[in-house]
Amino acid sequence: MHDDHDTGHDPRREKIRAWLSQARFFAEEVYSSRYRGAIARARRDEDDLFMLLVFSEMMGVPNPAAYYTLELQPLLLERFHDWHKRMGMERSPLDHFRCC
Amino acid sequence: MSAIVLLVLGLAGMAGGYFVYSKFIAEKIYRLDPDFKTPAHEYEDGVDFVPTNRFILWGHHFTSVAGAAPIVGPAIAVIWGWLPAFLWVVFGTIFFAGVHDFGAIWASVRNKAKSVGALTGDVVGSRARSIFMIVIFLVLLMVNAVFAVVIAGLMMNFSSAVVPVWGAILVALIIGQLIYRRMLSLPAVSVIGVIALYALIGLGPSVPLQMPAEVAGLSGNAVWILILFGYAAIASLLPVWVLLQPRDYINGLQLFIGLIVLYGAILLLNPSVVAPMVNSDVPAGTPSMLPLLFVTIACGAISGFHGLVSSGTTSKQLNKETDARFVGYFGAVGEGMLALAAILAATAGFASLADWQAMYTAFGAGGVNAFVEGGAFMIHNGLGLPEATAATLLTVMAALFAGTTMDTGLRLQRYIFQEWGEIYQQPWMKKSAPATLLAVGSCLLLAFGAGGADGTGGMIIWPLFGTTNQLLAGLTLLVITVMLVRLRRPMWYTLVPLCFLLVMTIAALLMQLRTFFNDGNYFLLFLDIVVLIAAIMVAMECAAALKRARTEMAEQGEG
């Protein structure tokens, strides 16, 4: 019994912990489920601006931070297709940078 | 008449509606299929489309649909006596609201979780969609104007609630930050938020803030309306997580606490209903109960606004189609319970009939003030809370609900203006700030245009707000009915409520037309005509769409 207590296996404590985590899950879901979409969209708008910054040099817009943003390009490639489609460009806007 | 008897009868009726009628509708009319792949699974993206546990979904659906309207409407309508309001709320919830809200979720889920607006275009036709947009704009315009007037009235009448109401906004801002920055877990934040809010409510009566009767030539009431719109304009421009989301969450908690406190007080005190069963001695100028009752109580009996929530966010998160019954119908039952509590507070919360009559001196005079005073009387005598604290509690509850609706309403109105900017190629209108200014300007025009410069007459538009809300419900019921006709299923369960709503709405509009004309209120006369035209267009659209659907079916049958 004593051992159980020490290693955190007290069934009562476990039960309370499970109940608390359940309560936490419920509260978080109720809190966020209604606004998840609106927040994700707002975040995407900010990310879109960041994409423009990172790829600006390639589109002929001088970017003093190009040396640093170049490093980020491979990381953002996954989102590139999604981004140019959303910006109303059916194909990749960059001549030397094919996407689809 | 004992309030407990009414309470038990009302709850039993609504429970019967849920266990019997909604089961019948689910099995025989909408024919829910547990194996149907809902849009939440089909298009799952972790953002909009997320399969959600039905209890959680019910929680957020219910707290989204329940607000100040199911309190204000019934509290005004008891002027005709408690029985008409009671019957309309109970039967309205069972046969109208439940079927409508549940049906809106079902219709949306069966159509890729599209919104009712889009469904009206797809199922009924593009003309109906245009009418839908106009009706939505009118609903939003009126809801913002009317709720600003309601909150301003509360601030003037219950000065003890001023500090807690504005303090609650600060509490919401802080808990929003705590949650966003993940400083504390949500249950801990909830407990802190509730304690802070109730500490403010307890503090309220000792720090009353009274707006002077006149400020710079404007009445105190008018100043509050201006402040409220200033606040709502700023709030609606903030990102949702900053204020709207935590506010909404606090309101949800408040809703449950408020319901428990009110029902508990009634059960412990068992007050008698002092208001007459049917009031034969209504104050002069009170319009006829038939048809006005059916537009005065919209939310609480049936409300078109619910269709927007049902098809907007709820349908995208439905885990199983069979959950629609619990989420939609039981959500309507929850709102009916709030309306029932409002009726009981406004009829049984007075010591004598004379006290009640002193509150209901004119149509629209009782309203939310009667709810607060009646409810406070019951909580004071039933639970022993000081009357001033109880009144502050209920005022804060009503004002916070109304405030959140204003915030959301202005946001939606701004989107509509921005969309118009897009359609009519007006780049300036596409920007948030000018679009918000236009939204606020149109609401202010209505709030002051309806009842004069002091803004106290703004409640005159309450029944007009009800009519637009019912028209919206009518359009949703039309979509469901057309779908049922195309599926060759019985259509009476949605068609009868639809026809009833349209007849009552048009009759109410015609009656009010005469009143506004006689009173020389040409501003509202114009607005009434606009709503009337929309109502007649909805009615004609219903007839045409149903005829078309039936002809299609007949042709298919022959083919």
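Residues numbered from 1 in each chain as written. Chains lettered and ligands numbered in written order. Predicted model: local features only at pLDDT ≥ 70, side-chain atom pairs only at ≥ 80, totals over all residues. Heavy atoms only, no water.

The name given to chain B in an unreviewed UniProt entry is Carbon starvation protein, and the organism recorded there is Franzmannia pantelleriensis. According to UniProt, the comment filed for chain B under the heading Sequence similarities (unreviewed entry) is "Belongs to the peptide transporter carbon starvation (CstA) (TC 2.A.114) family." UniProt lists a comment for chain B under the heading Subcellular location (unreviewed entry), and it reads "Cell membrane". (UniProt positions renumbered as here; feature names shortened; annotations may be inferred.)

Chain A carries the name DNA helicase in an unreviewed UniProt entry, which gives Franzmannia pantelleriensis as its organism.

1. Section: the overall build of chain A
Looking only at helices and strands, chain A features 4 helices and 0 strands. Secondary structure elements of chain A occur, N-terminal to C-terminal, as α-α-α-α. Evaluated residue by residue, chain A yields a buried proportion of 25% over its 100 residues. Relative to all contacts within chain A whose residues are 6 or more apart in sequence, the contacts with residues 24 or more apart total 34%. (Helix = DSSP H or I, 4+ residues; strand = E, 2+ residues; numbered from the N terminus. Buried < 20%, exposed > 50% of the residue type's maximum accessible area, 1.4 Å probe, protein only. Contact = heavy atoms within 4.5 Å.)

2. Some remarks on the overall build of chain B
The secondary structure content of chain B amounts to 21 helices and 2 strands. On C-alpha atoms alone, chain B measures out to a radius of gyration of 23 Å, which is about the 24 Å that the 2.2 N^0.38 rule sets for 559 residues. Across its three principal directions, the C-alpha atoms of chain B cover 75 × 60 × 50 Å. Within the span of chain B, comprising 559 residues, buried residues form 60% of the whole. About 20200 Å² of surface is accessible on chain B, with carbon and sulfur atoms providing 67% of the total. (Rg over C-alpha atoms; globule rule 2.2 N^0.38 Å. Areas by Shrake-Rupley, 256 points an atom, 1.4 Å probe, with all protein chains shown as cover.)

3. Points about the UniProt feature "domain: CstA N-terminal" (unreviewed entry) in chain B
According to UniProt, the "domain: CstA N-terminal" (unreviewed entry) feature falls on residues 3–347 and 364–508 of chain B. Summarising residues 3–347 of chain B: 70% helix, 1% strand, and an end-to-end C-alpha distance of 9 Å.

4. Here we look at the interface of chain B and chain A
Facing the 24 residues of chain B at the interface are 19 residues of chain A. Summing both partners gives a buried area of about 2000 Å² for chain B against chain A, and 67% of it is carried by carbon and sulfur. When the buried surface of chain B facing chain A is broken down by residue, B:Ile56, B:Leu186 and B:Gln245 rank first, second and third, together holding 28% of it. Applying the counting rule to chain B against chain A returns 2 salt bridges. Where chain B meets chain A, there are 6 residue pairs in polar contact (both at pLDDT 80 or more). Of all the elements in the fold, those that place two or more residues in the side of chain B that touches chain A are helix H3 (54–65), helix H8 (162–180), helix H9 (186–203) and helix H11 (244–269) of chain B. (Buried area = accessible area lost by both parts, 1.4 Å probe. Salt bridge = Lys/Arg side-chain N within 4 Å of Asp/Glu carboxyl O. Polar contact = N/O pair within 3.5 Å; in protein donor to acceptor, adjacent residues only side chain to side chain.)

5. Notes on the environment of B:Thr392
Checked against the element boundaries, B:Thr392 lands in helix H17 (residues 387–423). Put simply, B:Thr392 and B:Tyr198 are 194 residues apart on the chain and 10.0 Å apart in space, counted from C-alpha to C-alpha.

6. A short note on H3(B)
Taking 1.5 Å of rise per residue, the 12 residues of H3(B) would be expected to cover 16 Å, and the 16 Å separating its terminal C-alpha atoms lies within 8% of that figure. Packed against the buried residues of H3(B) are helix H2 (11–33) of chain A together with helix H5 (82–109), H11, helix H13 (305–312) and helix H14 (323–348) of chain B. (Expected span 1.5 Å × (residues − 1).)

7. Quick notes on the nonpolar core
Within soluble globular proteins, side chains that are nonpolar tend to cluster in buried spots. Residue and element names in this part refer to chain B. One finds Tyr 30, Phe 147, Ile 225, Phe 229, Tyr 360, Phe 371 and Trp 462 to be the most contacted residues of the largest nonpolar core, which totals 209 residues. Counting residues per element, this core draws most heavily on helix H7 (residues 126–157), which supplies 22 residues. Excluding residues within four positions of it along the chain, Phe 147 makes contact with Ala 68, Ala 69, Ala 402, Thr 405, Met 406 and Trp 462. (Core = buried A, V, L, I, M, F, W, Y, C linked by side-chain atoms within 4.5 Å.)

8. Considerations on a nonpolar patch on the surface
Side chains of A:Leu49, A:Leu52, A:Met59 and A:Val61 sit close together on the surface and give an oily, nonpolar patch of about 360 Å² of accessible area. Within the secondary structure layout, A:Leu49 lies in helix H3 (residues 36–55). (Patch = residues over 30% accessible without salt bridge, like charges linked within 9 Å, V, L, I, M, F, W, Y side chains within 5 Å.)

9. Some details on the pattern of salt bridges
Counting across every chain of the model gives 13 salt bridges over all chains. Salt-bridge contacts for A:Arg17 lead to A:Glu14; the nearest nitrogen and oxygen are separated by 3.6 Å. Linking A:Arg17 with A:Glu14, this pair stays in helix H2, spanning 3 residues, or about one helical turn. By relative accessible area, A:Arg17 is classed as partly exposed at 48%. Here B:Arg486 makes a salt bridge to B:Glu552, at a shortest N to O gap of 3.4 Å. Of this pair, B:Arg486 sits in helix H19 (residues 462–486) while B:Glu552 is found in helix H21 (residues 522–558), placing the two residues 66 residues apart along the sequence. Under the relative-accessibility criterion, B:Glu552 is labelled partly exposed at 30%. A cluster of three or more residues bridged by salt bridges with shared partners is formed by A:Arg43, A:Asp47 and A:Arg79.

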